[in-house]
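The chain contents come next:
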Amino acid sequence: MLYLGADEEPLGRDAARALLGQSPKVFRHAKAWVDGSELCLEVECRLRDGEEIAVKMCYCWDVPAFRGHNYFVDVALWLLNDDLPSFYEFVQARFVEVLAEHATNDYREEG
């Protein structure tokens, strides 16, 4: 799930479509934590128009492609070996996939 800034609600479909159109690029991680067994990140993205936004990525790796693979080891090695390009490539790829999912499905609660 993706959350903009301090929002408590997941990113909605219309906002995700608008954001996807801005070609966001992850350029910095601001915070990381583990919730249960899931990596959560707060990342900063730069948009095509130069604006910078904060996005929380939660439960983005709880998908079949990552089951049975300990990506925590990859992340730790990239960070410990100062291989930031590999880390950001990993985060950017999943960010774009999840953003596209949000642009297709509305995850905001009805109410």
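Note: the structure precedes this text.
The sections below set out a description of the structure shown in this document. Computed from a predicted model, the values in this text were never measured in an experiment.

Across its full length, the chain holds 3 helices and 4 strands. Taken from the N to the C terminus, the helices and strands of the chain come in the order β-α-β-β-β-α-α. In terms of overall size, the chain behaves like a compact globule, its C-alpha atoms giving a radius of gyration of 14 Å where 111 residues would be expected to give roughly 13 Å. For the chain, the proportion of contacts with a sequence separation of at least 24, taken over those separated by at least 6, is 56%. Put simply, the chain shows about 6600 Å² of open surface, and 51% of that area lies on carbon and sulfur atoms. Distance between charge centroids for the chain: 4 Å, based on 11 positive and 21 negative side chains.

Okay, the pairing of strand β3 (residues 38-46) next. Pairing of strand β2 (residues 25-35) with β3 involves 9 bridges; the strand directions are antiparallel. Bridged to Val34 within β3 is Leu39. As consecutive antiparallel partners, β2 and β3 are separated by 2 residues, and within that stretch Gly36 has a phi angle of approximately 70°, a positive value. Where β3 and strand β4 (residues 52-57) come together, 6 bridges link them in antiparallel fashion. Its bridge partner lying in β4, Leu41 is registered against Met57.

Quick look at the packing of helix α2 (residues 71-80) against helix α3 (residues 84-104) now. In contact at an axis separation of 7 Å, α2 and α3 are set at 140° when each is read in the N-to-C sense. Both α2 and α3 take part in a crossing whose hand is left-handed. Mapping the contact onto sequence places Tyr71, Val75, Trp78 and Leu79 in α2 and Leu84, Ser86, Phe87 and Phe90 in α3. Tallied by class, the residues present in the contact of α2 with α3 amount to 7 nonpolar, 1 polar and no charged.

Rules behind the numbers
Residues numbered from 1 in each chain as written. Predicted model: local features only at pLDDT ≥ 70, side-chain atom pairs only at ≥ 80, totals over all residues. Heavy atoms only, no water. Helix = DSSP H or I, 4+ residues; strand = E, 2+ residues; numbered from the N terminus. Rg over C-alpha atoms; globule rule 2.2 N^0.38 Å. Contact = heavy atoms within 4.5 Å. Areas by Shrake-Rupley, 256 points an atom, 1.4 Å probe, with all protein chains shown as cover. Lys, Arg positive; Asp, Glu negative; His and termini not counted. Charge placed at Lys NZ, Arg CZ, Asp CG, Glu CD. Pairing = 2+ DSSP bridges. Axes fitted to C-alpha atoms, helices over the stretch in contact; angles between N-to-C directions. Left-handed = near helix turned anticlockwise from the far one by under 90°. Nonpolar A, V, L, I, M, F, W, Y, C, P; charged D, E, K, R; others polar.

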